[in-house]
Every structure is written in structure tokens, then in C-alpha cells.
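Spelled out from the first residue to the last, the chains are:
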Amino acid sequence: MDDLLLIQLPAFQPHYKRWKKYGYKNPKEKENLQKVLWESTGGYCMYCYSRVLVDRKLFGNLEHAIEKSNSKKLTECIPNIGLACSICNQSFKRRAEHVRKLPEDVLTEYETNSRCTLEKRKQCTVPCKALKKVRRCYSQLPGAQIILQPMGVNGWDSGEPLALQFDVLSMCFQPAVSGHSYSEQEIQYIEEHIRRFHLNDPKYRTKSLFEFVKQVIDHHGILSNYEYNNWLVEQFAKMLSDRSQEEALKLCEAIYCSTFLKFGN
Ligand SMILES: [Zn+2]
Ligand SMILES: [Zn+2]
């Protein structure tokens, strides 16, 4: 199969700068954090890949991977904070939040061993051991099958990063089984993540790639460059730009035919 037809979704890895201060409550530090996060995604939501940076304005929210209600220390813990659109942040991610409460002893251990302090505000941009441990525990809780961002979650069986792929011909998100050897439980975890963020839900799933493909056909294989509405389109356009105009047109026609029934009306 053409490798253009299967898009691998990344775990987002922000490049924090040592000389910059990041934080959640302080406005200047918050601005720095927002910037480093949208730079790592290109301006898209880390969970549904929709654009959150529109015409230089940020519409996304800072999103605490492990909810800050669990521990005050998590509020300012930089590697615990990602970037999400308001729907993922305030609605989809919150589902079952009350069920996935971390046990008291796990929290105490985290608060004792965590290297971030609230008082002296030592900068933590690399996840400390305590955070890694609490993240592992969190992922095993009921209702917590979420590929936390930034940096993602590693599978407990395969040891590989749990990831998604996007099948262009069916316009569907799937567990990234090509190139990974996930266990049955890991696959279920990823599938639950896909359901949680309604990635394949007819009401919410992205239509941007379909629109883009249609445009390429209308322009006889020439790619237009503008602010795409979804990370997938940017990635697809990048891959397509290596092809000739004729090849691009042929490929887009094939995609259009196989997805027309899903999106064409
Ligand atoms: Zn989103
Ligand atoms: Zn920390």
C-alpha cells in the first residue's frame, strides 16, 4: 500500500528551553508555556489534532494530563501540562474524571518524592521519577485509558509508545498496529482513547482531509498552502508535495472515490 495512505500520529515532544521560565499561574510563564506547546504541535490540539492557533490567536487551553485536582504540585508541573482544544479539555477528557482518583498513598509518595517544589519553583521540564511513577499508576485506573500528552504513554506489555495511525482510505483513526507489537490490552486502551475523543464519531470526526483532497482535484493536482484545520492535512500535504502533480492528482482522486460516501454530502 502507498505509505501516504497511512499517517502515523505523533506523541508531542515540546522542546523546553533552559533559559525560559514556564508555569501555569504566572501570566508571563504561562505565555512561554503556551508558545512552546503550540510550537511542538504546529498549532493543533494534542488530542483531536484540530487547529487551536488561528490567525495568530490561541484558542486552545492548557490541559493538565493528570488533573490538578489530585495534587497541588501537579498544577505547576510542566511536563504534566499539554495543549488541547476547549472541547477535548473541558468535555471529552473530563469524562469519568471522578472515577480515576489516585489512591492516597500514591499521592503522598508523589508529593514527597517529586522534584517540583511549589515554594522555590524550581523549574521541572523533564518528568521526574515521581511523576513517571504517578503517571503509570494513573493509566491503570478505571476510566483513564488516555494517551496523555505531552510525551504520550508507553505500553506496559510491549514497552512501546501507545500511538494512533490514520487510515486515509477509510478516514479512520486506529491503533498504530503497523510497526508496533501491542498486546490485546494495549490495543483496547488505544481504542478507548479513540472513543473518548470521538475521533471516529460521525458528529465530530475531521472532514478537513476530505476537503483538502477535493481541492487538490479541483486544482488539477496543485497543492494550495494555507492554514490547515487539522494536523493530518498538514502532514498529508507535506508527504504529497514530494510527488509529481500527476501522481498527486491520481492519488487524491482515488481517496476521493473511496471516501465520497462518508463525506460527500
Ligand atoms: Zn481537541
Ligand atoms: Zn514536576
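Residues numbered from 1 in each chain as written. Chains lettered and ligands numbered in written order. Predicted model: local features only at pLDDT ≥ 70, side-chain atom pairs only at ≥ 80, totals over all residues. Heavy atoms only, no water.

Another aspect to go through is the coordination of the zinc ion (ligand 1). Those protein atoms acting as donors to the zinc ion (ligand 1) are Cys 45 (SG), Cys 48 (SG), Cys 85 (SG) and Cys 88 (SG), and they sit at 2.3 to 2.4 Å. If you look at the zinc ion (ligand 1), its four donor atoms make angles of 102 to 119° with each other, and the shape they trace is tetrahedral. In the primary sequence, the donor residues of the zinc ion (ligand 1) line up as C-x2-C-x36-C-x2-C. Placement of Cys 45 in the loop between helix H1 (27–41) and strand S2 (53–54) and of Cys 88 in helix H3 (residues 86–92) is noted, with a sequence separation of 43 residues between them. Accessibility classification places Cys 45 together with Cys 88 in one group, the buried group. (Donors = N, O, S within 2.8 Å, 3.2 Å for Na, K, Ca; no water. Tetrahedral: all angles 85-135°; square planar, octahedral: opposite > 155°, others 65-115°. Helix = DSSP H or I, 4+ residues; strand = E, 2+ residues; numbered from the N terminus. Buried < 20%, exposed > 50% of the residue type's maximum accessible area, 1.4 Å probe, protein only.)

This brings us to the sheet that holds strand S7 (residues 172–175). Here we have three strands laid out as an open sheet, ordered S1-S6-S7, and antiparallel in their pairing. Each of the sheet's edge strands pairs with one partner strand only, and the pair in question is strand S1 (6–8) and S7. Averaged over all adjacent pairs, the angle separating strand axes in this sheet is 30°, with direction ignored. Across the sheet, helix H8 (residues 231–240) is in contact with S1, strand S6 (164–167) and S7; its angle to S1 comes to roughly 115°. (Pairing = 2+ DSSP bridges. Axes fitted to C-alpha atoms, helices over the stretch in contact; angles between N-to-C directions. Contact = heavy atoms within 4.5 Å.)

A separate point is the domain arrangement of the chain. Examined at the domain level, the chain breaks down into domain 1 (3–165 + 173–196) and domain 2 (208–263). In this structure, domain 1 and domain 2 have C-alpha centres spaced 30 Å apart. Of the roughly 1300 Å² buried where domain 1 meets domain 2, counting both sides, 67% is carbon and sulfur surface. Area buried by domain 1 at its contact with domain 2 is led by Leu 4, Ile 7 and Tyr 44, which between them contribute 48% of it. Among the ionic pairs, Arg 243 bridges to Asp 3, the shortest N-O distance being 3.5 Å. Across the domain 1-domain 2 interface, the total number found is seven residue pairs in polar contact (both at pLDDT 80 or more). At the level of secondary structure, the elements contributing two or more residues to the side of domain 1 that touches domain 2 comprise S1 and S2. (Domains from an automatic or database assignment. Buried area = accessible area lost by both parts, 1.4 Å probe. Salt bridge = Lys/Arg side-chain N within 4 Å of Asp/Glu carboxyl O. Polar contact = N/O pair within 3.5 Å; in protein donor to acceptor, adjacent residues only side chain to side chain.)

In this section: helix H4 (residues 104–113). Among all positions in H4, only Val 106, Leu 107 and Tyr 110 are buried. End-on view of H4: buried residues confined to an arc of 95°, all on one side of the axis. With respect to the buried face of H4, the exposed residues turned more than 90 degrees away are Glu 104, Asp 105 and Thr 112. Tucked into the core, H4 has its buried residues touching helix H2 (72–75) and helix H5 (129–139). (Arc of directions from axis to C-beta.)

On to the packing of aromatic side chains, then. Counted by the stated rule, this structure contains 14 aromatic pairs. Their ring planes at 70° and their centres at 5.5 Å tell us that Tyr 16 and Tyr 22 sit as a pair that is edge-to-face. Ring centres of Phe 210 and Tyr 256 lie 5.3 Å apart, and the angle between their planes is 15°; this geometry places the pair in the stacked category. Here Tyr 256 lies in helix H9 (residues 245–263) and Phe 210 lies in helix H7 (residues 208–218), a separation of 46 residues in the sequence. Residue class for Phe 210 comes out buried when judged on its relative accessible area of 2%. Three or more aromatic residues joined by ring pairs form one cluster here, namely Phe 12, Tyr 49, Phe 166, Phe 173 and Trp 231. (Phe/Tyr/Trp six-rings, centres within 6.5 Å; stacked < 30°, edge-to-face > 60°.)

Contact geometry of H7 with H8 gives a least axis separation of 9 Å together with a crossing angle of 35°. As H7 runs across H8, the sense of the crossing is right-handed. Facing H7, whose interface residues are Ser 208, Leu 209, Phe 212 and Val 213, H8 presents Leu 232, Val 233, Phe 236, Ala 237 and Leu 240. When grouped by side-chain class, the residues that make up the contact of H7 with H8 number eight nonpolar, one polar and no charged. (Left-handed = near helix turned anticlockwise from the far one by under 90°. Nonpolar A, V, L, I, M, F, W, Y, C, P; charged D, E, K, R; others polar.)

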